[in-house]
Amino acid sequence: MPTGLATLERMSASDRSAWIDRAADALRAGGLVLLPLETVYAVAAHAGREDAVSALRALGDGGGPGGGGGASTWHVVDGSAALRALCEGAGVAVQADHARLVRRLNPGPARFELELSGAALERARASVGVLAGACDDGSMVAFRAPDHEAARAVLSRAGVPVIANGAAAVGLSATGRELDESAVESALASGRLAAALDDGATRLGKPSTSVRLLSGGGAKVTAVGAYEARFVEKQLTGTVLFVCTGNTCRSPMAAAIAEHLLRERGDSASWRVRSAGVSAMDGAPASAEVGAALSKLGIGMPNGHRSRALTSSMLREAEVVFTMTREHADRVRSMLPPGVDPGVVRPLDPSGDVPDPIGMPQSSYDETASRVRELVRAALEELEP
């Protein structure tokens, strides 16, 4: 294996695997490794070794995503697992909106700053094996999961906690997006770097967006990078989507009931409720019988409901999709965009279908509304935080 700067596009599959092994070995031994990320290039180090952390600090003025001092970032394969590990180690509960935000934004260009301090922070550091100050500033611990195949492979094979600083902050790149090859070769020749991988210009060319996970729940963007602040804020709210055939009866009924129940339990700010139909024509109102049935339950039909045909973008945004029948579930799964887990699609009634009352007397609508209320109540209780 060459000791100089390795170039990913010139590697065979076997050479690539060998380089990843070498980089993982170097990290475990306390060496520094230069990695391409989807954001910018970064220099990685073992977060549990004093010599490695000191070497990273000595390489440049380093620090946070923009350099200039502060905490480095713990780079992980699974952001949700990292959040759970930190909270469990600290002895604090995982906030539902924090879990949702991390799940939606990682892997990707989001750097999370989990607020912890005092004894809780000490316990969290010990539980994941990082040194004091390696990826925390005494009030928060920073972590993220990069979305670059080679970098993730190195992190996985290393099997130790890894922190990283941007290459621009340590003098190995002018912009972070492309390497200064002469500076990298010099660092390799001097032994300051143990390994380095060049993958050309990074995909995004911007640092991660930093998001503070507040101790009392909620989050705020502290530094804008590849993700815009409004995009991050939108991810704090989960979407529940109810699907039937025409979106004029069962699914708008279920959506109205869900909104009512969420308001009752004080959780309406955390969830956005939507409905659609697999064979719907856009713009039709809900049937009058639906409004009458809901009124008997003390639930109002949302003003201005108009039917909507189910689209792939709706499915991409949804945290969970509840269908009225198993046939609907099959149709919805066939429409899922690439990368969306089919497990998000669930029949509202686990034991059967919700019958369509269209064309039946008002009493059938009333019975359907009562049954849907119980099914929606149970479904909301089981939603992942």
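Conventions and cut-offs
Residues numbered from 1 in each chain as written. Predicted model: local features only at pLDDT ≥ 70, side-chain atom pairs only at ≥ 80, totals over all residues. Heavy atoms only, no water. Axes fitted to C-alpha atoms, helices over the stretch in contact; angles between N-to-C directions. Helix = DSSP H or I, 4+ residues; strand = E, 2+ residues; numbered from the N terminus. Parallel < 35°, antiparallel > 145°, perpendicular 65-115°, else oblique. Left-handed = near helix turned anticlockwise from the far one by under 90°. Contact = heavy atoms within 4.5 Å. Nonpolar A, V, L, I, M, F, W, Y, C, P; charged D, E, K, R; others polar. Buried < 20%, exposed > 50% of the residue type's maximum accessible area, 1.4 Å probe, protein only. Arc of directions from axis to C-beta. Pairing = 2+ DSSP bridges. Core = buried A, V, L, I, M, F, W, Y, C linked by side-chain atoms within 4.5 Å. Expected span 1.5 Å × (residues − 1). pLDDT = per-residue confidence, 0-100. Polar contact = N/O pair within 3.5 Å; in protein donor to acceptor, adjacent residues only side chain to side chain.

### Things to note about the packing of helix 1 (residues 13-28) against helix 6 (residues 149-158)
For step 1, the next point in the chain: Orientation of helix 1 relative to helix 6, taken along the N-to-C sense of each, is 50 degrees, at an axis distance of 8 Å. With respect to each other, helix 1 and helix 6 are oriented oblique. Crossing handedness for the pair helix 1 and helix 6: right-handed. Judged by residue contacts, R16, S17, W19, I20, D21, A23, A24, L27 and R28 of helix 1 engage E149, A150, A153, V154, R157 and A158 from helix 6.
For step 2, the next point in the chain: The class makeup of the residues in the contact of helix 1 with helix 6 is nine nonpolar, one polar and five charged.

### So, helix 7 (residues 181-190)
For step 1, the next point in the chain: Listed in full, the buried residues belonging to helix 7 are A183, V184, A187 and L188. Buried residues of helix 7 fall within an arc of 135 degrees about the axis and therefore sit on the same side. The outward face of helix 7, more than 90 degrees from its buried face, is lined by the exposed residues S182 and A189.
For step 2, the next point in the chain: For helix 7, the secondary structure elements touched by its buried residues are strand 2 (33-35) and strand 8 (195-198).
For step 3, the next point in the chain: Positive phi shows up at G191, right after helix 7, with a value of about 90 degrees.

### Some thoughts on the sheet that holds strand 5 (residues 110-115)
For step 1, the next point in the chain: Reading across from one edge, 1-8-2-3-7-4-6-5-9-10 is the order of the ten strands in this open sheet, with mixed pairing throughout. Of all strands in the sheet, those with a lone pairing partner are strand 1 (6-7) and strand 10 (219-223), marking the two edges.
For step 2, the next point in the chain: With three bridges joining them, strand 2 and strand 3 (residues 42-46) adopt antiparallel strand pairing. Within the sheet, the bridge partner assigned to L34 lies in strand 3 and is V43.
For step 3, the next point in the chain: Across the sheet, helix 2 (residues 50-59) touches strand 3 and strand 7 (162-166), and the angle it forms with strand 3 is around 155 degrees.

### Some words on the sheet that holds strand 14 (residues 345-347)
Strand-to-strand pairing in sheets goes through backbone hydrogen bonds, with the strands running parallel or antiparallel.
For step 1, the next point in the chain: Taken in spatial order, the four strands line up as 12-11-13-14 in an open sheet, and their pairing is parallel. Since the sheet does not close on itself, it has two edges, and those belong to strand 12 (271-277) and strand 14, each with one partner. Neighbour-to-neighbour, the strand axes of this sheet turn through a mean angle of 25 degrees, independent of strand direction.
For step 2, the next point in the chain: As judged from the seven bridges shared by strand 11 (residues 238-244) and strand 12, these two strands associate in the parallel manner. Counterpart to L241 in the pairing with strand 12 is R274.
For step 3, the next point in the chain: Packed on one face of the sheet, helix 12 (residues 326-335) meets strand 11, strand 13 (320-323) and strand 14 and runs near 170 degrees to strand 14.

### Quick notes on the nonpolar core
For step 1, the next point in the chain: Among the nonpolar cores identified, the biggest contains 52 residues, and L34, F143, L172 and L193 are the most heavily contacted of them.
For step 2, the next point in the chain: In terms of residues, this core owes the most to one element, helix 3 (residues 79-90), which gives five residues.
For step 3, the next point in the chain: For L34, the contacting residues outside a window of four places in its chain are W19, Y41, A42, V43, A167, L172, L179, V184, L193, A195, A196 and L197.
For step 4, the next point in the chain: Of all hydrophobic cores here, the second largest spans 32 residues; its members include C244, M253, F322 and A369.

### A closer look at the packing of helix 3 against helix 4 (residues 96-105)
For step 1, the next point in the chain: Across the interface, helix 3 lies against helix 4 with an axial gap of 8 Å and an inter-helix angle of 150 degrees. The angle between helix 3 and helix 4 falls in the class roughly antiparallel. Mapping the contact onto sequence places G79, S80 and L83 in helix 3 and H98, A99, V102 and R103 in helix 4.
For step 2, the next point in the chain: Classifying every residue of the contact of helix 3 with helix 4 by side-chain character gives three nonpolar, three polar and one charged.

### Quick word on the environment of S370
For step 1, the next point in the chain: By secondary structure assignment, the location of S370 is in helix 13 (residues 362-381).
For step 2, the next point in the chain: Judged by relative accessible area, which is 32%, S370 ranks as partly exposed.
For step 3, the next point in the chain: Along the chain, S370 and K296 lie 74 residues apart, while their C-alpha atoms are 9.5 Å from each other.

### Topic: helix 1
For step 1, the next point in the chain: For helix 1, with 16 residues, the first-to-last C-alpha span of 23 Å sits near the 22 Å given by 1.5 Å per residue.
For step 2, the next point in the chain: Those residues of helix 1 that sit buried are W19, I20, A23, A24, A26 and L27. Axial view of helix 1: buried residues confined to an arc of 160 degrees, hence all on one face.
For step 3, the next point in the chain: Looking one or two residues past helix 1, G30 carries a phi angle of roughly 100 degrees, positive in sign.

### Focus on the confidence of the model for the protein chain
For step 1, the next point in the chain: Overall, the predicted model of the protein chain reaches an average pLDDT of 92, with 96% of residues at or above 70.
For step 2, the next point in the chain: Scored below 50 in pLDDT, residues 61-69 shows 22 contacts in the model against residues more than four places distant or in partner chains.

### Examining the side chain of N106
For step 1, the next point in the chain: The topology assignment puts N106 in the loop between helix 4 and strand 5.
For step 2, the next point in the chain: A polar contact of 2.6 Å, which involves the side chain of N106, links it to the backbone nitrogen of A145.
For step 3, the next point in the chain: Ignoring sequence-local partners within four residues, the contact set of N106 consists of G79, F112, R144 and A145.

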